[in-house]
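Residues per chain, in single letters:
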Amino acid sequence: MTDASIDLPEEHYPSRESDKSDLSALKSDRLFRSIMENVADLIAVIDAKGYRIYNSPSYQRVLGYTSAELKGTWAYDKIHPDDQAQVVKAAAETLKTGVGKSLEYRMQHKDGSWRILESSGNVMRDGQGNVQNIVIVARDISDRKKEQWERRRAERELERSRQSYKDLVRREEMLNRRLTSQIRNSLDLDTILATAVNEIQDLLLIDLCNFFWHVPNTNPPEFQLVHFAASHNFLEAATSYPLSQLSQFGQRLLSQEIIQIQSIYTNPELDNVSRMLLAEKGFTSQLLVPIKTRSQKLGVIVAAHCQGSRPWDADEVELLQAVANQLAIAIDQAELFDSAQTNAANAQAQAILIEKALADLQKTQSQLIQTEKMSSLGQLVAGVAHEINNPVNFIYGNLNHTNRSVQNLLDAIALYQTNYPEPVPEISKFLDEIDLEFLQEDLPKMLTSMKIGADRIRQIVLSLRNFSRTDQEGRKPFNIHEGLDSTLLILQNRLKAYGDRPAINLTKRYGNIPIVNVYAGQLNQVFMNILSNAIDAIDESVANRDHATDITQHLASEISIITELKPPTPENHQLMVVIRIADNGRGIPEDILKKLFDPFFTTKPVGKGTGLGLSISYQIVVEKHQGRLECFSKVGVGTEFRIEIPV
């Protein structure tokens, strides 16, 4: 960048002798010198060609340069190369128009570091009104910028942490949906295991996934490979895995220990024989997760990598452990199913009893799957809520004290300003540096914002804890309205508009109902299942709107929740609390309505539903609470679920 970047026609340049005489007279003034020596801001006078005529003493305090070192130098040579062009351009426009501009740019300190300056420019005119020089007033805002950057970095880290948690939940839900779908469609053990290794290999993006059974009756006992999934480059390694030759691994797996090997070459727990054997087969990294079934059979999932080191994240280990739990349930159910079929084939005379056993088996299977899933989800939700609650309570509890302390300090400063309106120069300089007026205005707002954010987090945590109810067992007094509100808060994001679907209008008409003794966590799950189905129904209605001919094509999406007290009737002598959840989706045909509460019956595609939600909800309401769960629907109008719980 050269002087030519800001050259203007000759008439814009006054003589340098005139510049010097005017400034010399000004600098000889005692008041001017006193002001310049004490002012905190950087003040410079630059001529029309960009050369420094005057620099205030504050340049030495802020940037390390004396006035003598800067005098006569080009004003832009110490500005960061990336910022220089905009500063030169702004100076040229100021000389041309006579109107100054505010800028932020980096300027080099004498020690080589970069400081961030915020400056504004004004012009000096001669007696004829022509622009003569530019006066630049700047201040060092590096510390303020650093605070802003740190705050943004912390916000980005928090967002990355949230995204990592969401990704873990998404991956686990995806894998569990696929496995649950396979369990629903087939109780064949080989099919389930083959599906599991393929899904794991695909989801974790690993080179190889194996499943072994431990065979204790051989001499010596061995691990037998039964299923594998591999990328095309590692099919040979998949069929010759030497797990039985690694005796140290075997003992740890028999003890139900998860084994993580980031790299076989750096892992201190591997002996040389095992390391050489794994290297010979082409393995470089492994994660081994054992599975123990109720029949005491031991299986092992082995995730292997064959291309260098592979760090196994805690999320991946947790995900694979969740898969192992699902597989244990599936294996148990497959064995029970095989046993039931064998008994049916060997005892035709007991056909009626066997049919009942199969029905009980299917019911037990759905309960085990849903119970395991909800138990894991409840523990996860409660754990996250608990971990968030402690630090948030600490922050929230201290914000009031902090606010009072800060206000007291601000009041004390204001009192000093009232009684000592003329502070000493050192205090005046410091107050200018910290921008006291801005701090007095911004600090209380900042504390208020922090309190609002902490209060919002507390509300979300409370809703999660109310929904999971993992700290309660058996029947407990329960406020149904609180349970509904907690569930709605969790589903709030699904009620918002997205894509072509507008926001769903929610109408709540809560009646005067009493506290009831129920299994709170299970009843919350019923609310979650029914409300989720209502949202799904509206989503499907909107998705098919272009082809629809019914009246839902012209209606806004709406879900209504009504609670009321139902007095005793001749058929039912108990006082009942009624919860009605209705949507204006496309409705349910009569032939589907009859099978709505059957286990594993679903109209949704694979991966979208298991057919267990309404079946489990029916068991919770009818069998656990001796209540009633009914569905009323009309195609083209909508659907209403009616829950009745005895008081």
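Residues numbered from 1 in each chain as written. Predicted model: local features only at pLDDT ≥ 70, side-chain atom pairs only at ≥ 80, totals over all residues. Heavy atoms only, no water.

### Considerations on the overall build of the protein chain
Phase 1 of the analysis: For the protein chain, the count of helices and strands is 19 helices and 17 strands.
Phase 2 of the analysis: Put simply, the protein chain has 647 residues, and 41% of those count as buried.
Phase 3 of the analysis: Of the contacts made within the protein chain by residues no fewer than 6 positions apart, 62% connect residues no fewer than 24 positions apart.
Phase 4 of the analysis: As presented, the protein chain carries roughly 35,500 Å² of accessible surface, and 52% of it is formed by carbon and sulfur atoms. (Helix = DSSP H or I, 4+ residues; strand = E, 2+ residues; numbered from the N terminus. Buried < 20%, exposed > 50% of the residue type's maximum accessible area, 1.4 Å probe, protein only. Contact = heavy atoms within 4.5 Å. Areas by Shrake-Rupley, 256 points an atom, 1.4 Å probe, with all protein chains shown as cover.)

### Focus: the confidence of the model for the protein chain
Phase 1 of the analysis: For the protein chain, the average pLDDT comes to 78, and 77% of its residues sit at 70 or higher.
Phase 2 of the analysis: Mean pLDDT across the secondary structure elements of the protein chain bottoms out at helix α1 (residues 16-27), with 51, and peaks at strand β15 (residues 576-583), with 94.
Phase 3 of the analysis: Every residue in residues 1-21 is under pLDDT 50, and counting partners more than four places away or in other chains gives 36 contacts. (pLDDT = per-residue confidence, 0-100.)

### Overview of the side chain of Gln-201
Phase 1 of the analysis: Positionally, Gln-201 belongs in helix α7 (residues 189-204).
Phase 2 of the analysis: When its relative accessible area of 16% is taken as the criterion, Gln-201 is described as buried.
Phase 3 of the analysis: Side-chain polar atoms of Gln-201 contact the backbone oxygen of Ile-206, separated by 2.8 Å. (Polar contact = N/O pair within 3.5 Å; in protein donor to acceptor, adjacent residues only side chain to side chain.)

### Describing the packing of helix α17 (residues 520-543) against helix α19 (residues 613-624)
Phase 1 of the analysis: Relative to each other, α17 and α19 sit at 140 degrees, their axes nearing to 9 Å. One element, α17, and the other, α19, form an angle in the oblique class. Between α17 and α19 lies a crossing of left-handed hand. Contact with α17, carried on its side by Gln-522, Leu-523, Val-526, Asn-529, Ile-530 and Asn-533, involves Gly-613, Leu-614, Ser-617, Ile-620, Val-621 and Lys-624 of α19 and no other residues of that element.
Phase 2 of the analysis: Class assignment of the residues belonging to the contact of α17 with α19 gives a composition of 6 nonpolar, 5 polar and 1 charged. (Axes fitted to C-alpha atoms, helices over the stretch in contact; angles between N-to-C directions. Parallel < 35°, antiparallel > 145°, perpendicular 65-115°, else oblique. Left-handed = near helix turned anticlockwise from the far one by under 90°. Nonpolar A, V, L, I, M, F, W, Y, C, P; charged D, E, K, R; others polar.)

### Quick word on the sheet that holds strand β3 (residues 102-108)
Strand pairs in the sheet, formed through backbone hydrogen bonds, run parallel or antiparallel to each other.
Phase 1 of the analysis: Read from one edge of the open sheet, 5 strands run β2-β1-β5-β4-β3, paired in antiparallel fashion. Each having just a single partner strand, β2 (52-55) and β3 make up the two edges of the open sheet. Taken over all neighbouring pairs, the strand axes of this sheet differ in orientation by 30 degrees on average, direction set aside.
Phase 2 of the analysis: Bridge count for strand β4 (residues 114-125) against strand β5 (residues 131-140) is 9 bridges, and the pairing is antiparallel. Looking at the pairing, Leu-117 lines up with Asp-140 of β5.
Phase 3 of the analysis: Contacting β3, β4 and β5, helix α5 (residues 81-97) crosses the sheet at an angle of about 135 degrees to β3. (Pairing = 2+ DSSP bridges.)

### Focus: the packing of helix α15 (residues 480-490) against α17
Phase 1 of the analysis: Where α15 meets α17, the axes come as close as 9 Å, and the angle between the chain directions of the two elements is 45 degrees. When the axes of α15 and α17 are compared, the pair comes out oblique. When the axes of α15 and α17 are compared, the crossing they make is right-handed. For the pair formed by α15 and α17, the contact residues are Ile-480, Gly-483, Leu-484, Thr-487, Leu-488 and Ile-490 on the first element and Asn-524, Phe-527, Met-528 and Leu-531 on the second.
Phase 2 of the analysis: Taken together, the residues that form the contact of α15 with α17 break down as 7 nonpolar, 3 polar and no charged.

### A look at helix α9 (residues 247-254)
Phase 1 of the analysis: Among all positions in α9, only Phe-249, Gly-250, Arg-252 and Leu-253 are buried.
Phase 2 of the analysis: Residues of α9 that are buried in the fold lie against β7 (222-230), β8 (259-261), β9 (285-292) and β10 (298-305).
Phase 3 of the analysis: Among the residues trailing α9, Gln-256 stands out with phi positive, at a value near 60 degrees.

### Here's the deal with the environment of Ile-480
Phase 1 of the analysis: Relative to the elements of secondary structure, Ile-480 occurs in helix α15.
Phase 2 of the analysis: With a relative accessible area of 1%, Ile-480 lands in the buried category.
Phase 3 of the analysis: If we skip the residues at most four places from it in the chain, Ile-480 touches Ile-513, Val-516, Phe-527, Val-577 and Ile-579.

### Description of the sheet that holds strand β6 (residues 208-215)
Phase 1 of the analysis: Across the sheet, which stays open at both edges, the 5 strands sit in the order β7-β6-β10-β9-β8 with antiparallel pairing between neighbours. The sheet terminates laterally at β7 and β8, the two strands that pair on one side only. The mean inter-strand angle of the sheet, taken between neighbouring strand axes irrespective of direction, is 20 degrees.
Phase 2 of the analysis: Bridging between β6 and β7 involves 8 bridges; their strand directions are antiparallel. Opposite Asn-210, over in β7, you have Phe-228 as the bridge partner.
Phase 3 of the analysis: Packing of α7 onto the sheet brings it into contact with β6, β7 and β10, and relative to β7 it is tilted by some 60 degrees.

### Let's talk about α15
Phase 1 of the analysis: Those residues of α15 that fall on the buried side of the exposure criterion are Ile-480, His-481, Gly-483, Leu-484, Ser-486, Thr-487 and Leu-488.
Phase 2 of the analysis: With a side-chain oxygen positioned 3.0 Å from the backbone nitrogen of His-481, the residue opening α15 is Asn-479.

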